[in-house]
Amino acid sequence: MPASSHELFARAQQRMPGGVNSPVRAFRSVGGEPFFAARASGPWLWDVEGRRYVDYVGSWGPMIVGHAHPEVLRAVRETMEHGLSFGVPNPLEVEMAETLCAMVPGLEMVRMVNSGTEATLSAIRLARGATGRTRIVKFEGCYHGHGDSFLVKAGSGALTLGVPDSPGVPRALADLTSTLPYNDFEAAERLFEEAGDEVAALIVEPIVGNANCILPAEGYLQHLRTLCDRHGALLIFDEVMTGFRVAPGGAQERYGVRADLCTFGKIIGGGMPVGAYGGRAELMRQVAPSGPVYQAGTLSGNPVAMAAGLATLRLIREPGFHPRLEAATGRLCDGLEQAAREHGVTFSTSRTCGMFGLYFRARPATSFREATDIDHDAFRRFFHAMLERGVYLAPSAFEAGFVSAAHGEEEIAFTVEAARQAFALLARS
Ligand code: KE4
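Since the model is a prediction, treat every value here as computed from it, not as a measurement.

Among the 16 residues in the neighbourhood of the ligand, the closest are listed as S22, T117, N210, D238 and E399. The contact in question runs from an oxygen atom of the ligand to an N or O atom on the side chain of T117, over 2.7 Å. Between a nitrogen atom of the ligand and a side-chain N or O atom of K266, the distance comes to 3.0 Å. In isolation the ligand exposes 540 Å². Once the protein is present, 86% of that is buried. By residue class, the composition of the shell around the ligand is five nonpolar, seven polar and four charged.

Moving on: helix 7 (residues 220–231). Compared with an ideal rise of 1.5 Å per residue, which puts twelve residues at 16 Å, helix 7 spans 17 Å between its outermost C-alpha atoms and is within 8% of the ideal. Of all the positions in helix 7, only Y220, L221, H223, L224, R225, L227 and C228 are classed as buried. Contacts made by the buried residues of helix 7 are with strand 5 (135–139), helix 6 (185–195), strand 9 (199–204), strand 10 (234–238) and helix 8 (250–255). Immediately beyond the C-terminal end of helix 7, within one or two residues, lies G232, with a positive phi of roughly 70 degrees.

With 20 residues, helix 14 (residues 409–428) should cover 28 Å at 1.5 Å per step; its first-to-last C-alpha distance of 29 Å lies within 8% of that length. Residues E411, I412, T415, V416, A418, A419, A422, F423, A424 and L426 constitute the buried set of helix 14. Where helix 14 is buried, its residues contact strand 2 (44–47), strand 3 (52–55), helix 11 (321–342), helix 13 (376–388) and strand 15 (391–392).

Right, let's get into the state of the cysteines. Following the criterion strictly, the structure yields zero disulfides and no others. Its sulfur unpaired, C101 is 11 Å from the next cysteine sulfur, which belongs to C262. Here C101 falls in the partly exposed class, since its relative accessible area comes to 21%. Looking at C213, it has no disulfide partner, and the nearest cysteine sulfur is the one in C333, 8.5 Å off.

On to the packing of helix 6 against helix 7, then. For any two helices packed against each other, the geometry comes down to the angle between their axes and how far apart the axes lie. In the contact formed by helix 6 and helix 7, the axes pass within 11 Å of each other and the chain directions differ by 5 degrees. Looking at the two axes, helix 6 sits roughly parallel to helix 7. Between helix 6 and helix 7, the contacting residues are F185, A188, E189, F192 and E193 on the first element and Y220, H223, L224, L227, C228, R230 and H231 on the second. A per-class count over the contact of helix 6 with helix 7 returns seven nonpolar, two polar and three charged.

Here we take up the packing of helix 3 (residues 91–103) against helix 10 (residues 303–316). Interhelical geometry of helix 3 versus helix 10 gives an angle of 35 degrees and a closest axis separation of 9 Å. Crossing of helix 3 against helix 10: the hand is left-handed. Here helix 3 contributes L92, E93, E95, M96, T99, L100 and M103 to the contact with helix 10, which in turn contributes P303, M306, A307, G309, L310, L313, R314 and I316.

This next bit is on the sheet that holds strand 16 (residues 401–402). On the basis of which strands lie adjacent, the open sheet formed by three strands has the order 13-14-16 and antiparallel pairing. For this open sheet the edge positions go to strand 13 (348–352) and strand 16, each flanked by a neighbour on one side alone. The sheet contact formed by strand 13 and strand 14 (residues 355–359) spans five bridges and is antiparallel. Bridge assignment links S350 to a residue of strand 14, and that residue is G357. Together, strand 13 and strand 14 form the strand contacts of helix 11, whose direction differs from that of strand 13 by roughly 180 degrees.

Turning next to the side chain of Q252. If you trace the backbone, Q252 turns up in helix 8. For Q252, the contacting residues outside a window of four places in its chain are V104, P105, F237, E239, V257, R258, A259 and C262.

So, about the nonpolar core. With 111 residues, the main nonpolar core has L100, F244 and F382 as its most contacted residues. If we ignore the near neighbours within four places in the chain, the residues touching L100 are L107, V110, M112, F244, I268, A276 and L313.

We now examine the pattern of salt bridges. Pairs can form between side chains of opposite charge once their charged atoms are near each other. This structure, assessed with the given rule, holds 22 salt bridges. R51 serves as the salt-bridge partner of E49, at 3.5 Å between the closest nitrogen and oxygen. The exposure class of R51 is partly exposed, given its relative accessible area of 45%. Counted as one network, the salt bridges with shared partners bring together R225, D229, D260, R280 and E282.

Bringing the pairing of strand 8 (residues 177–180) into the picture now. Of the two faces of strand 8, the one carrying T177 and T179 and the one carrying S178 and L180 are both buried. With four bridges joining them, strand 5 and strand 8 adopt parallel strand pairing. Across the sheet, the residue bridging to K138 is T179, located in strand 8.

What follows is about the environment of A201. Here A201 lies in strand 9. The exposure class of A201 is buried, given its relative accessible area of 0%. In sequence terms A201 and R135 are 66 residues apart; their C-alpha atoms lie 7.1 Å from each other. Not counting the four nearest positions on each side in its chain, A201 is found in contact with A127, R135, I136, V137, L234 and I236.

Our focus in this paragraph is the packing of aromatic side chains. Counting across every chain of the model gives 20 aromatic pairs. Where F347 meets F360, the ring centres are 5.3 Å apart and the plane angle is 65 degrees; that geometry is what we call edge-to-face. Of this pair, F347 sits in the loop between helix 11 and strand 13 while F360 sits in the loop between strand 14 and helix 12 (368–372), placing them 13 residues apart in sequence. Using a relative accessible area of 6% as the deciding quantity, one classes F360 as buried. For the ring pair F347 and F382, a centre distance of 6.1 Å and an interplane angle of 45 degrees mean the geometry is tilted.

About the thresholds
Residues numbered from 1 in each chain as written. Predicted model: local features only at pLDDT ≥ 70, side-chain atom pairs only at ≥ 80, totals over all residues. Heavy atoms only, no water. Near = heavy atom within 4 Å. Polar contact = N/O pair within 3.5 Å; in protein donor to acceptor, adjacent residues only side chain to side chain. Areas by Shrake-Rupley, 256 points an atom, 1.4 Å probe, with all protein chains shown as cover. Nonpolar A, V, L, I, M, F, W, Y, C, P; charged D, E, K, R; others polar. Helix = DSSP H or I, 4+ residues; strand = E, 2+ residues; numbered from the N terminus. Expected span 1.5 Å × (residues − 1). Buried < 20%, exposed > 50% of the residue type's maximum accessible area, 1.4 Å probe, protein only. Contact = heavy atoms within 4.5 Å. Disulfide = S-S within 2.5 Å. Axes fitted to C-alpha atoms, helices over the stretch in contact; angles between N-to-C directions. Parallel < 35°, antiparallel > 145°, perpendicular 65-115°, else oblique. Left-handed = near helix turned anticlockwise from the far one by under 90°. Pairing = 2+ DSSP bridges. Core = buried A, V, L, I, M, F, W, Y, C linked by side-chain atoms within 4.5 Å. Salt bridge = Lys/Arg side-chain N within 4 Å of Asp/Glu carboxyl O. Phe/Tyr/Trp six-rings, centres within 6.5 Å; stacked < 30°, edge-to-face > 60°.

What follows is the structure, encoded as structure tokens:
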């Protein structure tokens, strides 16, 4: 008899912190215990008990073409037959670098790494090395991986001096990170007036996907671009989540704003551990071994991971891929909002291409503060009611949801019907 999720979770908690290898998987935000995945295909995920779910987490973004896509699996199988890792350059790394630079506006050179975290911490090291400055500006609610300079919350003081957001982050380092409210034009203006000449880089999720899903206000990204230009700071778009999802060229293409550096992850690995950072050649040439800014990685550019990522990128470049994905995302969100209205539940959604946010408040959030101003209990009850009806949503009110090319009319209708029943439950209690 295979072990149940409950038995696996009990064993896991003996040997792994919280029983998981990444905190959000532990369901702490929604309560209960996580299920353990047995397999996945297309939009579907099965747990070890054999229950099937329509999956709107998609491994937190990588599975944009659906789970276990035959062309991705074939590319992995063919590549792994020739060896798993060489530690010397391989042709697929070159093809990946050329593909990323062909797809992303303004991307002239790129370095492969093994996670989004590696990409962002390397990008800010490069920004500090290239500018000779030390201050980093980030935004409340934006998550850029677990690098020390990012685990910082808004502190006191005019410079919004950072306060460590985790034990183990040295205060001296946190002090070098300023945290601003997202979508607040004046706050950014004030900080740059006071300390613009200290700022090495401003790093932002162009669409915030780590505090639910918050879209940039009209002109906001351009405003950040203007401030960085005025004060000689670098603009870093963290596109680990938005890259290749919200448009073939990511948010830079969608919003027509050029960043100096961009970070990527998730989709470019197709489910395998891959990250990347890149930008103008004159910046990237400062990275070792062509320049003095050091960064390295044993498995960077791993051929099997490159094969999975390249197969995924080939699929998303098929004509009409993103318009179809955006239309499906809109149909899902419209259906959920209609289901909530039928039962008088206060609910709204934010949506873009392939990404969405669910809000138990009258309107989607435009700021981190608004994203925290929700009916948390309603979200928790909705999450479990949907899970019981075979729909797996992100197990936190502070995460975005993801639609893949594999989510068709059947899966969206199934999801909306489950939501009708879940909203009816919420309305009765
Ligand atoms: P990783 O180190 O987890 O590959 O990437 C970090 C990262 C960087 N930048 C952005 C915009 C990100 O969304 C992420 C990681 N995203 C989370 C989901 N909110 C990953 C899920 C998890 O932490 O398990």
